[in-house]
Amino acid sequence: MSKNTKVIIGVIVVAVIILIGYLIYKPGAPTTKESIKIGVILPFTGDLASYAEGVRNAINLATENSGYKDKIQIIAEDDHGCLPPDAISAAQKLINIDKTKAIIGSLCTGATLAIAPIAEQNKVIVIAPSATGKNLTNAGEYVFRTIASDADKSIAVAKYAYSKGLRKAALLFDSSQDALVSQRDDVKTTFTGLGGAIAIEESFISSDKDLRTQLNKVKSSDVDVIFIAALPDTVGLALKQARTLGVNTQFISSDTSGGTKPVIDIAGSSAEGLIFPFAITPSNKEYTDFINNYKEKYGTEPSAYAAEGYDAAAILIKAMFASNGTADSIKDQLFKIGKDYYGASGVISFDQNGDVQKPMVIKTIKDGQFVEIQ
Amino acid sequence: MEYLIHLAILFAIYAILGISLNLVVGYTGLLSITQAAFYGIGAYTTALLLTQVGVNFFLSIILGIIIAAIISFFIGLVLNKFSGDYYALGSFGFNVIVFSILLNWRGLTRGALGIAGIPKPEIFGIHFSSNFTFLIIALLSLGIVYIVARFIVHSSFGRVLKAIREDEKAIQVFGYNTLYYKLAIFVISAGMAAISGSLFASYITYVDPSTFTLIESVFILAVIILGGLANLEGSILGALFLVLLPEILRFVGLPFDTAAQMRQIIYGVIIILLMLYRPKGLLGEYKL
Amino acid sequence: MFSQLILNSIIAGAIYTLVALGFNLIYGATKFFNLTHGVLAAVGGYSVFFFSKTLGWNIYFAVVLGIVFAGLIGYGLDKFVYLPLRRKKASNMILLVASLGAMTAIQAIIAILFTSQFRTLPLNTGTQRIYEIFGGVITETQLVILVVGIIIMATLALILKYSMFGKAIKAISDDEEVARIVGINTDKIIGYVFFIGSAIAGLAGILIGFDIGIQPTMGLGLLLKGVIASIIGGIGNVYGGVIGAFLLGFVENFGIWKISGEWKDAIAFVLLIIFLIFRPRGIMNKQ
C-alpha cells in the first residue's frame, strides 16, 4: 500500500490506542454520600425524540426540586431512537466509565430489556419511566418502572366502554410500538371477554400520519366506539381526520398519553370528547404542581411520560441519598419510598418485581381541558 | 474494560457485515442496499430457534445462513434483472418489504414486541456467558468470514466478479454466465450477513425489527465506502471507525440539552468531509 | 365509501406529486439519489413555522420565504458539497453517502432549533372549509395541494420544453459531458436546478405542514415515496413523476383497503419492484 495510506492507518491506530488508554485509566469519580451520579438513557435522536426531551426536562426539574441540586450529576446518553445495541453502549459507558450506580431509562421496552442484564450483572439500578413491556417484570431485581402497565390502562377503558353500553368497536393501533401492540391485545381480550365485539381492526405505523383510508373503512362499519392505541400525535391526527371525514363516533384512547396537550394542539375542537385512562393521586395536587412547574420553567406543557420521568427521578434521588451507596441499599430504599408514593403520575407502589399498578380513572377532553368523569 | 469489549463485539459484527457487502458492492459492482434484511433474517432465525425450540446457538447460525441464502436466492434472481441505480432501488425495496414482514407478521416474529431472553451460546458444556468469551466467538467468526472472503476474492471466481464490475457485457462475450456469478455472490454475502445477525441476537439477548431498517443498510454501505471498496481490510477498518465514532463523540463535552443532536451534526459533517476529501475511503483501490 | 377512497388516493397522490416533481428534476440533471431532498421539505415547513409563529409575520409572506429558503439550502448543498464531489468525479455512491451525512446534520439542526415535537401549521384558526364531492370529503388545504401540484407540473413542463434553460437541463440530463463540451455552463445550471427542485420540496413540506403537520424526521419517508413515484412514472420526465405519484397514491390506498394499513410501505415498494421488473423505464418514458 501507498505511503499515504500507511500514514492514515498509523494515525488511526495511534488515536485508537490513545483513546483506549484514556478510557481505561481515566478515574471515574466514585459515588460518595455527598454527591451522586445518575445516568440517563433516552432516544434523544430519532422519531421519539420529543418524548425523550420531555422526560429529560422532567428529570432536570426533579433534580432542582430535590433539595440536593448541587450534589447531583446527571449524565445523559442517547440510544439513537431506542436501538438496543446503542442502549447497551450507553449503559456500558455510564456504568463502566462514569461509574453511575443508577440509570433512568429507556423510553421503550426494547432498549430497557437490552440493558437490564447488564444492570443486573453490574448491580446497577435501572428505573424506566415509560417502558411497559411485560418481559420487564422479570428482567431483574434491580429493574423498576414508574409507569402503569398496558394491561391496567387497556382493561380500564375496555371495561368503561362496556359499562356505558358500547358493544361494537373498531380498534385502531400502531403496530410499530410494542406498548401499543400490547394495548391492542389487551383491549381486544378484555372487551370481547366482557361480551363486546371488535368489528374492525386497522393498523398503521408511527411514521404514517395519513389515516384517512383506515378511518374510511371504519366509517363504513357502523361501530359505537373506536378504540385507538397510538402515540399522542397520531391520536390528534386521527381525531382531526375522522371528524373531517364525518366519522363522529366516540374515540377512546387506550393510553394515558391521550391526556396530553399535543392531542388538543393538533386536533383542536375535534379533540372534544376523547376518553382516556389516567392515573391520579387523591388530591391531584402533585400532577397540577408538576404541570405548572414544568410550564414555568420550559414554557410548554410536558409531553407524555414526562410525569413518570419526574417521579422516577424524584424517587430515585430520595432513595440514593437515603442509601449507603450500594445498589442493594438503593433498591431497599426504593421499595421503602415507593410505597403509596404520591407522584405527578399517580400513586406509585412498587410491587416485588419493581412494577407499579396504579389505580386508573377515566377522563375526557371537555372545552379543551382534561376532566375526570369516572 | 467491559465497555471496550462491548464495542469490540459490535465492531466484529459490523466488520462481518462490511466484508459481506463489499463482496457484492466493491468486487462485483452491484449497488446493493439491503444487507440489513439478511442481518435481520439471521438474527430472527437465531432468536426464534434459541427461545422457542432450544436449538444450539452454533446450529442456529448454520440454519440462519441457510434461510438467508434461500431468501436471498429469490431476491437475487429478481435483482439480477436490474442494473446500476435500479439495482439499488430494487434492493431498497426488498429491504423495506423484509422489514415490514418482520414488523407486521406478529404471529411469527412478535413484531414490535420483539423476542427477549435469547440465551448466550453454549457448546459441549462450555457456557459462553461473559462478554469476553462472546468476543472470542465474534472475533473467530470474523476471522473465518475474512478468510473465506479472501479466498473468494483471490480465486478465479473472484476474478470473474471483478470483470463483471468492470464490464459485464464484455465478459459475457467470453461465455461466462454472469447471472450465475452475480446470484452466487449475492447469496454468499447474505449468508455471511446472517452470521452477524445470529451473533447480534445472542449478544444483545433481545431482537426487534428496529435494528434492521433501510438506514441500517445505508450505514453498512457507509462502512465499506469509508473503509474502501474492494478492500477487505478496509471494511474492517471502516467498521472500526463507524462503531467508534459515535462512542467517541459521547465524550466530547457539549451543552446538556442539545448534546445528542449536536453529535448527530458532527457525525453528519464528518461523513461529508470524508467523502469530500477521501472519497476512495481509507484503503480503497476502486472508486466505481 | 368508494368515492372517499378515490379522494384519499388523489390527496395522497397530490402530496407525492410535489415531492416527485422536485426529485425528478434534480435526479434528471445529477443522476444520484439525493437523500437530502426529503429533509428540505422539513426545512420549508419549519421556516414557515419560524416566520409565521415565532416572528409573527404574515402567513403568505412566510410561505414565500419558506420556499425561497428551502431553495437556498438546496442550492447551498450543491455548491458546497455536491459540486465539489462532482468535480472530483465522485461516484453516485459517494454522493449518496455524502447526502446521508448532510441529511443527518440538517435534521439534527432542525431538532435543536425547534425541538422534535410534531407541529401543525395552521392556515387559519378554527375549522377549515370542507368540500363534498360525490359523497366524499376533501378539505380546502388538500384542494390547494392538488391545484398547486398541477400548476407546478404545468409550469415545469413548459419551462423544460420551451425555454433555453429547460433545453439546457435536458441536454445535461442526456449527457453532462457532452453538454459541457457544447458550451453549457453545467455547474451553474445544475445549481439553479437544485434551487428550483429544493424550493418545490420546501413547498411540499409547507403544504404537508398545513394539511397534516411537520416533524424533523418527516423527510426520509416522503423522499422514498417521491422516488418510487418518479421511477414508476418515468424518471426524468415531469409528467411521469405526476402520473407515478397518483398511481402510487391509488395503489397504496386501495391496497390498504384490502389489507391492513401497516403494510402500506411494503405495498409501495412491491409496486416499485413490479415496475422495475416489467417496465423499468416507467410509464411515460418511451426509451
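Let me begin by describing the structure that accompanies this report. Each chain carries its own residue numbering, running from 1 in the direction its sequence is written. Written order determines the labels here, with chains lettered from A and ligands numbered from 1. Since the coordinates come from a predicted model, pLDDT governs what is reported: local features require at least 70, and pairs of side-chain atoms require 80 or more to be given and counted, while whole-chain, interface and lining totals use all residues. Excluding hydrogens and water, the side-chain figures rest on all heavy atoms present in the structure.

### Side note on the overall build of chain B
Only DSSP runs of H or I covering at least 4 residues are called helices, and only runs of E covering at least 2 are called strands; the numbering of each starts at the N terminus. Assigned secondary structure in chain B consists of 11 helices and four strands. The C-alpha radius of gyration computed for chain B amounts to 19 Å, which stays within 12% of the reference 19 Å derived for 288 residues, consistent with globular compactness. The principal-axis extents of the C-alpha atoms in chain B amount to approximately 55 × 50 × 35 Å. Going through the 288 residues of chain B one by one, you find that 66% of them count as buried. Note on contacts: a residue pair qualifies if any of its non-hydrogen atoms lie within 4.5 Å across the two residues. Look at the contacts in chain B between residues 6 or more apart in sequence, and 78% of them connect residues 24 or more apart. The Shrake-Rupley method, run with a 1.4 Å probe sphere, supplies the accessible areas, and residue values consider only the shown protein chains as cover. Entry remark: accessible area of chain B is about 10000 Å², with carbon and sulfur atoms responsible for 71%. Residues scored as positive are Lys and Arg, those scored as negative are Asp and Glu, and His as well as the terminal groups of each chain are ignored. A charge is said to be at NZ when it belongs to Lys, at CZ for Arg, at CG for Asp and at CD for Glu. Side chains of chain B carry 15 positive and 12 negative charges; the gap between the two charge centres is 5 Å. As a reference, a globule follows 2.2 Å times the number of residues to the power 0.38, and the radius of gyration itself is taken over C-alpha atoms. Under the scheme applied here, a residue whose accessible area is under 20% of the maximum for its type counts as buried, over 50% as exposed, and between as partly exposed, the area being computed with a 1.4 Å probe on protein chains only.

### Considering the interface of chain B and chain A
Counting from both sides, the interface comprises 41 residues of chain B and, opposite them, 46 residues of chain A. With both sides pooled, the region where chain B packs onto chain A buries about 3700 Å², and carbon together with sulfur makes up 68% of that total. The rule for a salt bridge is simple: a side-chain nitrogen of Lys or Arg has to be within 4 Å of a carboxyl oxygen of Asp or Glu. Across the contact surface, chain B and chain A share one salt bridge. E77 of chain A is the salt-bridge partner of R250 of chain B, the closest N and O atoms lying 2.8 Å from each other. Each polar contact in these results corresponds to two N or O atoms within 3.5 Å; when the atoms are within protein, one needs to be able to donate a hydrogen and the other to accept it, and residues that are neighboring in sequence are counted only if both atoms are side-chain atoms. Linking chain B with chain A are six residue pairs in polar contact (both at pLDDT 80 or more). Buried area: the sum, over both parts, of the accessible surface (1.4 Å probe) that disappears when the two are put together.

### Some details on the state of the cysteines
Residues and elements named next belong to chain A. Cysteine sulfur atoms are paired as a disulfide whenever they come within 2.5 Å of each other. Tallied over the entire structure, the rule returns one disulfide over all chains. The disulfide that involves C82 links it to C108, with 1.9 Å between the sulfurs. Negative torsions about the S-S bond denote left-handed disulfides, and the value of about 70° found for C82 with C108 makes this one right-handed. One end of the pair, C82, is in the loop between β2 (72-78) and α3 (84-97); the other, C108, is in the loop between β3 (102-105) and α4 (109-122), and 26 residues separate them in sequence. Of the residues examined, C108 reaches a relative accessible area of 11% and is grouped as buried.

### Here we look at the sheet that holds strand β5 (residues 143-145) of chain A
All names here are of chain A. Spatially, β2-β1-β3-β4-β5 is the arrangement adopted by the five strands of the open sheet, whose pairing is parallel. The open sheet is flanked by β2 and β5, the only strands paired with a single partner. Ignoring which end each strand starts from, the neighbouring axes of this sheet average 25° apart. Pairing between two strands requires that DSSP report at least two bridges joining them. Axes, fitted as lines to C-alpha atoms, cover a helix only where it is in contact. Angles between the N-to-C directions of the axes lie from 0 to 180 degrees.

### Describing the pattern of salt bridges
Overall, the coordinates contain 31 salt bridges over all chains when judged by the stated rule. Two residues, E141 of chain A and K331 of chain A, come together in a salt bridge whose shortest N-O distance is 2.5 Å. With a gap of 190 residues between them, E141 of chain A in the loop between β4 (125-128) and β5 and K331 of chain A in helix α12 (residues 327-337) connect regions that are remote in the sequence. With a relative accessible area of 13%, K331 of chain A lands in the buried category. Within the structure, one salt-bridge network assembled from shared partners comprises E77, K93 and D98 of chain A together with E247 and R250 of chain B.

### Describing helix α2 (residues 36-54) of chain C
Spacing of three or four residues puts side chains on the same side of an α-helix, whose turn is 3.6 residues. Residue and element names in this part refer to chain C. Over its 19 residues, α2 runs 25 Å from end to end, which matches the ideal 27 Å to within 8%, given 1.5 Å per residue. The buried fraction of α2 is high, at 16 of 19 residues. Of the residues flanking the end of α2, it is G56, one or two places downstream, whose phi is positive at about 75°. Residue count minus one, scaled by 1.5 Å, sets the expected span of a helix.

### So, the packing of helix α9 (residues 219-233) of chain C against helix α10 (residues 238-258) of chain C
Residues and elements named next belong to chain C. Their axes nearest at 7 Å, the elements α9 and α10 cross at an angle of 115°. When the axes of α9 and α10 are compared, the pair comes out roughly perpendicular. Here α9 and α10 pass one another in a crossing that is right-handed. Listed contacts from α10 to K225, I228, A229, S230, I232 and G233 of α9 are G240, G241, G244, A245, L247, L248 and E252. In terms of residue class, the contact of α9 with α10 is built from six nonpolar, five polar and two charged. Orientation is classified from the angle alone, with under 35 degrees giving roughly parallel, over 145 giving roughly antiparallel, 65 to 115 giving roughly perpendicular, and any other angle giving oblique. Should the near helix be turned anticlockwise from the far one by less than a right angle, the crossing is termed left-handed; should it be turned clockwise, right-handed. When residue character is reported, Ala, Val, Leu, Ile, Met, Phe, Trp, Tyr, Cys and Pro are called nonpolar, Asp, Glu, Lys and Arg charged, and the others, Gly included, polar.

### Comments concerning the environment of D224 of chain A
Residue and element names in this part refer to chain A. Tracing the chain through its elements places D224 in the loop between α7 (212-219) and β8 (225-229). Residue classification places D224 among the partly exposed residues on the basis of a relative accessible area of 33%. Residues D224 and A87, spaced 137 residues apart in sequence, show a C-alpha to C-alpha distance of 42 Å. At 2.8 Å, the side chain of D224 forms a polar contact with the backbone nitrogen of R167. Separated by 2.7 Å, the side chain of D224 and the backbone nitrogen of K168 make a polar contact.

### Focus: the packing of helix α2 (residues 35-53) of chain B against helix α3 (residues 57-79) of chain B
All names here are of chain B. It is the contact of α2 with α3, at a shortest axis distance of 8 Å, that shows an interaxial angle of 140°. When the interaxial angle is binned, α2 and α3 end up oblique. Classified by chirality, the crossing of α3 by α2 is right-handed. Listed contacts from α3 to F38, I41, T45, T46, L49 and L50 of α2 are F57, S60, I61, L63, G64, I67, A68, I71, S72 and I75. When grouped by side-chain class, the residues that make up the contact of α2 with α3 number 11 nonpolar, five polar and no charged.

### Looking at a nonpolar patch on the surface
Residues and elements named next belong to chain B. On the surface, L59, I62, I66, I67, I70, I71, F73, F74 and L77 cluster together into a nonpolar patch covering about 790 Å² of accessible area. Position of L77 relative to the elements: it lies in helix α3. With relative accessibility at 39%, the residue L77 sits in the partly exposed group. Like-charged residues are merged into a patch within 9 Å and nonpolar side chains (Val, Leu, Ile, Met, Phe, Trp, Tyr) within 5 Å, provided each residue has over 30% relative accessible area and no salt bridge.

### Description of the interface of chain A and chain C
Contacts between the two partners involve 31 residues from chain A, matched on the other side by 31 residues from chain C. Carbon and sulfur atoms supply 49% of the area that chain A and chain C bury against each other, a total of about 2500 Å² over both sides. Three residues stand out in chain A for area buried against chain C, namely R212, T213 and N216 of chain A, and they jointly supply 22% of the buried area on that side. Taken together, chain A and chain C are joined by two salt bridges. One can count 12 residue pairs in polar contact (both at pLDDT 80 or more) joining chain A with chain C. Among the elements of the structure, α2 (49-65), β7 (197-204), α7, α8 (232-245) and α9 (261-267) of chain A are those that each provide at least two residues to the side of chain A that touches chain C. When grouped by side-chain class, the residues that make up the side of chain A that touches chain C number eight nonpolar, 11 polar and 12 charged.

### Regarding the packing of aromatic side chains
Describing an aromatic ring pair means giving the distance of the ring centres and the angle of the ring planes. In this scheme Phe, Tyr and Trp rings, the latter by its six-membered ring, pair at centre separations within 6.5 Å, and the angle between planes marks the pair as stacked below 30 degrees, edge-to-face above 60, and tilted otherwise. All told, the structure shown has 43 aromatic pairs over all chains when counted by the stated rule. Between F278 of chain A and Y287 of chain A, the ring centres sit 5.2 Å apart and the planes meet at 70°, which makes this aromatic pair edge-to-face. Under the relative-accessibility criterion, Y287 of chain A is labelled buried at 14%. Ring centres of Y39 of chain B and F212 of chain B lie 5.1 Å apart, and the angle between their planes is 90°; this geometry places the pair in the edge-to-face category. Of this pair, Y39 of chain B sits in helix α2 while F212 of chain B is found in the loop between β4 (206-207) and α9 (214-227), placing the two residues 173 residues apart along the sequence. Accessibility expressed as a relative area gives 1% for Y39 of chain B, which makes it buried. Classification of F212 of chain B by relative accessible area gives buried; the value is 1%. Joined through ring pairs, the aromatic side chains of Y46, F49, F50, F51, W57, F61 and F114 of chain C make up one cluster.

### Regarding the pairing of strand β2 (residues 136-139) of chain C
Residue and element names in this part refer to chain C. What you see with β2 is no split at all: G136 and I138 on one side and V137 and T139 on the other are buried throughout. Pairing analysis gives four bridges linking strand β1 (residues 130-133) to β2, with the strands arranged antiparallel. Following the sheet pairing, E132 is matched in β2 by V137. In this antiparallel pair of consecutive strands, β1 and β2, the connection spans two residues, and F134 shows a positive phi of 50°.

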